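Fold and geometry: a report
Okay, here's what each chain looks like letter by letter:
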Amino acid sequence: QVQLVESGGGLVQAGGSLRLSCAASGRTDRSNAMGWFRQVPGKEREFVAGIRWDAYNTYYADSVKGRFTISRDSARNAMYLQMNSLKPEDTAVYYCAARTRADYAINYSPSYDYWGQGTQVTVSS
């Protein structure tokens, strides 16, 4: 089992920045990849960014490429999402997720085994 806890959400003006953190505990040694997803009411959960635990490869949704940066600190069992140049359309609940399998695309949310409780990000115009 892996437990995930997000933090760092909040209210920010358009153009501002936030840094989300995800603290992982439990059997993190079995994780193949971790990712950030987001969801707004009435919409599907969407992929934001992902990182493979073995090769540090990173992946981004087109909508956040160039503005968001995903990173990890293996010594702290932590993952981060630096969000710059935030837009009102970035408003959502952001979720941290982890998975043990490697046979699906990193942006495929059903492939993730563990999820955090989510943290709200609100960007005002």
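This section reports on the structure supplied with the text. (Residues numbered from 1 in each chain as written. Predicted model: local features only at pLDDT ≥ 70, side-chain atom pairs only at ≥ 80, totals over all residues. Heavy atoms only, no water.)

**What to know about the pattern of salt bridges**
- Counting across every chain of the model gives 6 salt bridges.
- Here R76 makes a salt bridge to D73, at a shortest N to O gap of 3.2 Å.
- Overall, the relative accessible area of 63% leaves R76 in the exposed class.
- Connected via shared salt-bridge partners are R38, E46, R67 and D90. (Salt bridge = Lys/Arg side-chain N within 4 Å of Asp/Glu carboxyl O. Buried < 20%, exposed > 50% of the residue type's maximum accessible area, 1.4 Å probe, protein only.)

**Some points on unusual backbone geometry**
- Although it is not a glycine, N77 sits at a positive phi angle of roughly 55 degrees.
- Checked against the element boundaries, N77 lands in the loop between β7 (68-73) and β8 (78-83).
- On the accessibility criterion, N77 (25% relative accessible area) is partly exposed.
- Even without glycine at this site, S85 takes up a positive phi of about 50 degrees.
- Note that S85 resides in the loop between β8 and β9 (92-99).
- Using a relative accessible area of 40% as the deciding quantity, one classes S85 as partly exposed. (Helix = DSSP H or I, 4+ residues; strand = E, 2+ residues; numbered from the N terminus.)

**Regarding the sheet that holds strand β1 (residues 2-7)**
- The strand order β1-β3-β8-β7 describes an open sheet built from 4 strands, whose pairing is antiparallel. Strands with a single pairing partner mark the edges of an open sheet, and in this sheet they are β1 and β7. The mean angle between the axes of side-by-side strands here comes to 15 degrees, regardless of whether they run parallel or antiparallel. (Pairing = 2+ DSSP bridges. Axes fitted to C-alpha atoms, helices over the stretch in contact; angles between N-to-C directions.)

**Examining the packing of aromatic side chains**
- Within this structure, the stated rule accounts for 5 aromatic pairs.
- Taking the centre distance of 5.2 Å and the plane angle of 25 degrees together, the rings of Y104 and Y108 count as stacked.
- Taken together, the aromatic side chains of F37, F47, Y112 and W115 make up a single cluster linked through ring pairs.
- Positioned over the ring face of Y95 is R45, at 4.0 Å from the centre of the ring.
- Positioned over the ring face of W115 is R45, at 4.5 Å from the centre of the ring. (Phe/Tyr/Trp six-rings, centres within 6.5 Å; stacked < 30°, edge-to-face > 60°. Lys NZ or Arg CZ within 6 Å of the ring centre and 35° of its normal.)

**Quick look at the side chain of R38**
- When you line up the elements, R38 lands in strand β4 (residues 33-39).
- For R38, a relative accessible area of 6% gives the class buried.
- At 2.5 Å, the side chain of R38 and the side chain of E46 are in polar contact.
- A polar side-chain atom of R38 sits 3.0 Å from a polar atom in the side chain of D90.
- Excluding residues within four positions of it along the chain, R38 makes contact with E44, R45, E46, V48, S63, V64, F68, E89, D90, A92, V93 and Y94. (Polar contact = N/O pair within 3.5 Å; in protein donor to acceptor, adjacent residues only side chain to side chain. Contact = heavy atoms within 4.5 Å.)

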